[in-house]
Amino acid sequence: PVGDLSISEGTLPEGLEFSFLEGEDAASITGTPTEAGTFTFTISAWCFGTQVSGQTGEKTYSLTVDP
């Protein structure tokens, strides 16, 4: 299971919020952006281990908000 998801680099546009949905192994981005542009951010994840220590991963995303 996923222990946490978070934005480790970059930012979302003002008005948007990133939330880890604990117990669902997922996250959501909600809200209404109040600024236009292209925003690049990296999401980091880690999971609990069972027989070994947990694993980590990262993925970079780009979000474009039109004016």
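See the structure printed just above.
Worth saying up front: this structure is predicted, and the values here are computed from it rather than measured.

**Describing the packing of aromatic side chains**
Reasoning step 1: Summed over the entire model, instances satisfying the criterion amount to two aromatic pairs.
Reasoning step 2: Plain terms: the ring middles of F41 and Y61 are 6.1 Å apart, the flat faces sit at 25 degrees to each other, and that makes the pair stacked. With a gap of 20 residues between them, F41 in strand β4 (residues 37-47) and Y61 in strand β5 (residues 56-65) connect regions that are remote in the sequence.
Reasoning step 3: When its relative accessible area of 4% is taken as the criterion, F41 is described as buried.
Reasoning step 4: Here the aromatic rings of W46 and F48 are separated by 4.8 Å at their centres, their planes lie at 70 degrees, and the arrangement is edge-to-face.
Reasoning step 5: A relative accessible area of 38% means that W46 is categorised as partly exposed.

**Observations regarding the nonpolar core**
Reasoning step 1: By size, the foremost hydrophobic cluster in this structure holds six residues: L5, L12, L16, F18, F41 and I43.
Reasoning step 2: Looking at this core, the elements with two or more residues in it are β2 (16-21) and β4.
Reasoning step 3: Setting aside residues up to four positions removed in sequence, L16 forms contacts with I29, T30, G31, T32, P33 and L63.

**Comments concerning unusual backbone geometry**
Reasoning step 1: Unusually for a residue other than glycine, D25 sits at a positive phi of about 55 degrees.
Reasoning step 2: Note on placement: D25 falls in the loop between β2 and β3 (26-31).
Reasoning step 3: Owing to a relative accessible area of 42%, D25 belongs among the partly exposed residues under this scheme.

**Digging into the side chain of T42**
Reasoning step 1: Within the secondary structure, T42 sits in strand β4.
Reasoning step 2: In this structure the side chain of T42 is engaged in a polar contact, spanning 3.0 Å, whose partner is the side chain of T60.

Each value, and the rule that gives it
Residues numbered from 1 in each chain as written. Predicted model: local features only at pLDDT ≥ 70, side-chain atom pairs only at ≥ 80, totals over all residues. Heavy atoms only, no water. Phe/Tyr/Trp six-rings, centres within 6.5 Å; stacked < 30°, edge-to-face > 60°. Helix = DSSP H or I, 4+ residues; strand = E, 2+ residues; numbered from the N terminus. Buried < 20%, exposed > 50% of the residue type's maximum accessible area, 1.4 Å probe, protein only. Core = buried A, V, L, I, M, F, W, Y, C linked by side-chain atoms within 4.5 Å. Contact = heavy atoms within 4.5 Å. Polar contact = N/O pair within 3.5 Å; in protein donor to acceptor, adjacent residues only side chain to side chain.

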